[in-house]
Amino acid sequence: MNGVPHATPLRRAPVQRRSAERLTRILDACADLLDEVGYEELSTRAVAERAGVPIGSVYRFFGNKRQMADALAQRNLERFTRRVTERLARAGETGWRTALDTVLDEYLAMKRTAPGFCLVDFGNQIPVGDRRAAPNHRVADRLAELLAGSLGRRPDDDLRRVFLVAVETADTLVQLAFRVAPDGDPKIIAEARELLRAYLGRALDQ
């Protein structure tokens, strides 16, 4: 069962399994409707109807659709982190280049297949939540914590800055690739991969 991390600002955190399952249905419905109608036409009432729950159940967790979309973005980040972690664990001891490919491949896979991801991803694509939360900072911090050990480094400010530059660069180029082609232009993605390898090689091969 996939819930929402406690870091996500909910009006009320689910305690019982039934409540957690209801929250999951609400976020799943939100994701599906984002793909169908977009953020501007999204409404809490439509989400409640799609999820098969009373409108009060939505307001139990979220004050508005903005908070709901932000919770979806946070869930996306948790799922992304889990997928990367599991794939790296299966690969065993690998260098940062394999880690880079894993991170980029999993991001592309979610962008192509995860409902609502193209409109929300980790919070960058629509005005969700507190913009001072800087979604790419959250992603960079998470990657620094996840990969620091395999790099033989501490997740300090220097490493976080390196990953922030890489994440910002990847975000910009991947968005370009998906504007050019519905599934992401492969040539632009290849260029992005080479650019990231060059930058990270200079920053990490020391």
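From a predicted model like this one, the values you see are computed outputs, not experimental measurements.

Trainee: Now, about the overall build of the protein: what can you tell me, with residues and values included?
Mentor: Check the secondary structure of the protein and you find nine helices and zero strands. Taken over 206 residues, the protein has a buried fraction of 47%. Accessible area for the protein stands at about 10700 Å²; split by element, carbon and sulfur atoms hold 50% of it.

Trainee: Before we move on, can you summarise the pattern of salt bridges with the specific residues and values?
Mentor: Tallying each qualifying case throughout the model produces 15 salt bridges. With a closest N to O distance of 2.9 Å, Arg50 and Glu36 form a salt bridge. You can see Arg50 sitting in helix α2 (residues 44-51) and its partner Glu36 sitting in helix α1 (residues 17-41), a full 14 residues away along the chain. Each of Arg83, Arg87, Asp101, Asp105, Glu106, Arg193 and Arg197 takes part in salt bridges that share partners, so that together they form one network.

Trainee: An account of helix α5 (residues 96-113) is needed here, citing residue identities and associated values.
Mentor: The terminal C-alpha atoms of α5, which comprises 18 residues, lie 25 Å apart, in line with the 26 Å expected from a rise of 1.5 Å per residue. Among the residues of α5, those classed as buried are Trp96, Ala99, Leu100, Asp101, Thr102, Val103, Leu104, Glu106, Tyr107, Leu108, Met110 and Lys111. In the core, the buried residues of α5 are packed alongside α4 (65-91), α6 (117-120), α7 (135-151), α8 (157-180) and α9 (186-204).

Trainee: Pulling in residues and values, what's your account of the packing of aromatic side chains?
Mentor: A complete count under the given rule lists five aromatic pairs for this structure. Seen from their ring centres, Phe80 and Phe122 are 5.2 Å apart, and the 50° between their planes marks the pair as tilted. Note that Phe80 is positioned in helix α4 and Phe122 in the loop between α6 and α7, a separation of 42 residues in sequence. This pair shows no difference in class: Phe80 is buried, exactly as Phe122 is. Judged by its relative accessible area of 5%, Phe122 is buried. Each member of the aromatic cluster is reached from another via a ring pair, and the members are Phe80, Tyr107, Phe117 and Phe122.

Trainee: Please give an account of the packing of α1 against α4 that cites residues and values.
Mentor: The N-to-C vectors of α1 and α4 enclose an angle of 115°; their axes lie 10 Å apart at closest approach. With respect to α4, the element α1 is oriented roughly perpendicular. Note that α1 runs across α4; the crossing there is left-handed. Residues Thr24, Ile26, Leu27, Asp28, Cys30, Ala31, Leu34, Tyr39, Glu40 and Glu41 of α1 form the contact with α4, whose participating residues are Lys65, Arg66, Met68, Ala69, Ala71, Leu72, Arg75 and Arg79. Here the contact of α1 with α4 is built from residues that sort into 10 nonpolar, one polar and seven charged.

Trainee: Could you give an account of α7, naming the residues involved and the relevant values?
Mentor: The first and last C-alpha atoms of α7 sit 24 Å apart over 17 residues, in line with the 24 Å expected at 1.5 Å per residue. In α7, a bend of some 35° at Glu145 exceeds every other bend along the element. For α7, every residue scored as buried is listed here: Pro135, Asn136, Val139, Ala140, Leu143, Ala144, Leu147 and Ala148. Contact partners of the buried residues in α7: α4, α5 and α8.

Trainee: How would you explain the side chain of Gln175 if you had to name every residue and give the values?
Mentor: Here Gln175 lies in helix α8. In this structure the side chain of Gln175 is engaged in a polar contact, spanning 3.2 Å, whose partner is the side chain of Tyr107.

Criteria and cut-off values
Residues numbered from 1 in each chain as written. Predicted model: local features only at pLDDT ≥ 70, side-chain atom pairs only at ≥ 80, totals over all residues. Heavy atoms only, no water. Helix = DSSP H or I, 4+ residues; strand = E, 2+ residues; numbered from the N terminus. Buried < 20%, exposed > 50% of the residue type's maximum accessible area, 1.4 Å probe, protein only. Areas by Shrake-Rupley, 256 points an atom, 1.4 Å probe, with all protein chains shown as cover. Salt bridge = Lys/Arg side-chain N within 4 Å of Asp/Glu carboxyl O. Expected span 1.5 Å × (residues − 1). Contact = heavy atoms within 4.5 Å. Phe/Tyr/Trp six-rings, centres within 6.5 Å; stacked < 30°, edge-to-face > 60°. Axes fitted to C-alpha atoms, helices over the stretch in contact; angles between N-to-C directions. Parallel < 35°, antiparallel > 145°, perpendicular 65-115°, else oblique. Left-handed = near helix turned anticlockwise from the far one by under 90°. Nonpolar A, V, L, I, M, F, W, Y, C, P; charged D, E, K, R; others polar. Bend = angle between axes of the 7 residues up to and from the residue. Polar contact = N/O pair within 3.5 Å; in protein donor to acceptor, adjacent residues only side chain to side chain.

Structural measurements only, silent on function.
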